[in-house]
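For reference, the chains in residue letters:
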Amino acid sequence: MQRRKFLQLTAASGMTLAATGASTRLSAREPIVRSGPPRFQVGLAAYSLREYFSFMKGKARPPKDDGPHIDMVGFLDYCAQNGFDAAELTSYFFKPDADDAYYRNLKRHAFTRGVTIAGTAIGNNFTVGAGPKLDEEIQKAIAWIDRADALGAPHIRFFAGTGKQLASDPKRLDEAAAAINQCAEHAASKGIFLGVENHGKLSSDQMLQIMERVESPWVGINLDTGNFQSDDPYGDLERCVPYAVNVQVKVGMKTPDGKHYDADIPRIGRILRDGGYQGFVIVEYEDKDPYAKIPVVHQELRKALGT
């Protein structure tokens, strides 16, 4: 989407930088300029099969017994067997003793199966307030950039924090942006994108305010289609697509009061096509019966994207 069209869209929605409380200067992180038709590589997030891994955030646990148990090598095989172009390797499910040799082995296995590693995903919080805790969060995030480098992952999903924390104190937004900028400097040296996810009930206004404060072209939005809990979530997606460096598609959405409803996958496909997005579109399945339903969702998403 060209910048003029993006500005027209945000003006039509009633969103101005002044209205959202952001600085009136031009965005430090401009919308991504893309040319040509939309292009998509459809992948699957390991989180979709989270209940069948034997590890969760470094701790052993018994996997569910109503489907095949899985590890990261098995997950890559599953993606290949089910025709996915790419795999997102959520960090929560790596072996506790994972080292560079482990990551390189996954990189090799993905290559031999013809599956692209789309990225990895970590769980961090940059809205905890300035001090030792935030410093620790930054250092852990930087360590994951090095792991992503060994893995060959071109993108890492970051959390900024929560919408409530950002709204509670104007300093939280500046602190979160400063933390992202610090991580981005290291990520740029590795050629890795940082995608800030609309997680934690962040609004589209807050996401755009974060983009207005980041300084690196290696930072964008990890756009999760199920995370905007607003009266106009599809409008929120339209506003954020120009900054998207990765897209995660969920089959469900939530109302502002937390009620679940089915996502309009064809409408999501149109938003990505009309927005001129080019890149990974990752299925992140969170509902019941993943082994039975993921192949169905996969084909539905491909139909919606026209791929």
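Structure's up top.
Residues numbered from 1 in each chain as written. Predicted model: local features only at pLDDT ≥ 70, side-chain atom pairs only at ≥ 80, totals over all residues. Heavy atoms only, no water.

(A) Broad picture of the layout of surface pockets. Counted as a void, the largest pocket has a volume near 490 Å³. In terms of lining residues, the largest pocket is bounded by 24 residues, among which H199, D224, N227, K250 and E286 are the most central. Only β6 (155-159) and β10 (252-254) provide two or more residues apiece to the lining of the largest pocket. In terms of residues, the lining of the largest pocket owes the most to one element, β10, which gives 3 residues. Classifying every residue of the lining of the largest pocket by side-chain character gives 5 nonpolar, 9 polar and 10 charged. Within this model, the second largest pocket holds a volume of roughly 320 Å³. What lines the second largest pocket is a set of 16 residues, and nearest its centre among them are K57, S91, I122, W144 and R147. (1 Å grid on protein atoms, 1.4 Å probe; cavity = no way out; pocket = protein on both sides within 12 Å on 5 of 7 lines; lining within 4 Å. Points joined across faces, edges and corners; volume = space filled by probe spheres on them. Helix = DSSP H or I, 4+ residues; strand = E, 2+ residues; numbered from the N terminus. Nonpolar A, V, L, I, M, F, W, Y, C, P; charged D, E, K, R; others polar.)

(B) Focus on the nonpolar core. Formed by 86 residues in total, the largest nonpolar core has its most connected members in M72, F75, L89, F126 and I210. The element that contributes the greatest number of residues to this core is helix α4 (residues 132-151), accounting for 9 residues. When near neighbours in sequence (up to four residues on either side) are disregarded, I210 contacts A160, L166, L173, I180, V196 and L202. Grouped together as the second largest cluster of nonpolar side chains are 5 residues, A45, A118, F280 and I282 included. (Core = buried A, V, L, I, M, F, W, Y, C linked by side-chain atoms within 4.5 Å. Buried < 20%, exposed > 50% of the residue type's maximum accessible area, 1.4 Å probe, protein only. Contact = heavy atoms within 4.5 Å.)

(C) The packing of helix α9 (residues 265-274) against helix α10 (residues 290-305), seen in detail. Here α9 crosses α10 at 45°, and the two axes come no closer than 8 Å. On the basis of their axis angle, the class for α9 and α10 is oblique. You can see that α9 and α10 cross each other, and the crossing is right-handed. Where α9 approaches α10, its residues I265, P266, G269, L272 and R273 are matched on the opposing element by E300, L301, A304 and L305. Class assignment for the residues of the contact of α9 with α10 results in 6 nonpolar, 1 polar and 2 charged. (Axes fitted to C-alpha atoms, helices over the stretch in contact; angles between N-to-C directions. Parallel < 35°, antiparallel > 145°, perpendicular 65-115°, else oblique. Left-handed = near helix turned anticlockwise from the far one by under 90°.)

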